[in-house]
Amino acid sequence: MTASDWNKILKQLRTKPEKMKKFLKHNKPKIRSTGVAKQKCQRCGRFGAHLNQYNIHLCRQCFREIAEEMGFIKYS
Ligand SMILES: [Zn+2]
């Protein structure tokens with residue numbers, strides 16, 4: 001299961017409070033301070049190809065789509 005949808009498990013466990021408690025104690029992904037899982041695209045939620053430069057926090061695909069609206073000029 002990917003890091004983006006682990007909350008779906010909690011939806012299934014809503015009717016089983018004891019199992020949910022056990023899940024949260026042992027299987028909940030820990031809150032990261034660094035690393036790839038910390039850097040998520042603000043527009044689409046992708047983890048790969050993240051752009052931190054100029055505090056953009058977008059993936060390369062989203063940047064390609066909205067770069068001209070943001071004021072970037074393509075020279076080639
Ligand atoms: Zn994106």
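Criteria and cut-off values
- Residues numbered from 1 in each chain as written.
- Predicted model: local features only at pLDDT ≥ 70, side-chain atom pairs only at ≥ 80, totals over all residues.
- Heavy atoms only, no water.
- Helix = DSSP H or I, 4+ residues; strand = E, 2+ residues; numbered from the N terminus.
- Rg over C-alpha atoms; globule rule 2.2 N^0.38 Å.
- Buried < 20%, exposed > 50% of the residue type's maximum accessible area, 1.4 Å probe, protein only.
- Contact = heavy atoms within 4.5 Å.
- Areas by Shrake-Rupley, 256 points an atom, 1.4 Å probe, with all protein chains shown as cover.
- Lys, Arg positive; Asp, Glu negative; His and termini not counted.
- Charge placed at Lys NZ, Arg CZ, Asp CG, Glu CD.
- Donors = N, O, S within 2.8 Å, 3.2 Å for Na, K, Ca; no water.
- Tetrahedral: all angles 85-135°; square planar, octahedral: opposite > 155°, others 65-115°.
- Domains from an automatic or database assignment.

Moving on: the overall build of the protein. Across its full length, the protein carries three helices and two strands. Secondary structure elements in the protein, listed N-terminal to C-terminal, are α-α-β-β-α. For the protein, whose C-alpha radius of gyration is 18 Å, the value lies well above the compact-globule estimate of 11 Å for 76 residues. Overall, the C-alpha framework of the protein stretches about 60 × 25 × 15 Å when taken along its three principal axes. Within the protein, the proportion of its 76 residues that are buried is 20%. Sequence-distant contacts, at least 24 apart, represent 5% of the contacts inside the protein between residues at least 6 apart. A total of about 6,800 Å² of accessible surface is found on the protein, and carbon and sulfur atoms cover 51% of it. Treating the 18 positive side-chain charges of the protein as one cloud and the 5 negative ones as another, the clouds have centres 12 Å apart.

Below, the discussion takes up the coordination of the zinc ion. Around the zinc ion, the protein contributes the donor atoms Cys-41 (SG), Cys-44 (SG), Cys-59 (SG) and Cys-62 (SG), at 2.2 to 2.3 Å from the metal centre. Its four donor atoms give the zinc ion angles of 103 to 115° at the centre, a pattern that matches the tetrahedral case. The sequence pattern describing where the donors of the zinc ion fall on their chain is C-x2-C-x14-C-x2-C. Residue Cys-59 shares its accessibility class with Cys-62, and that shared class is buried.

Time to look at the domain arrangement of the protein. Domain annotation of the protein identifies domain 1 (1-29) and domain 2 (39-76). The C-alpha-based centres of domain 1 and domain 2 are spaced at 32 Å.

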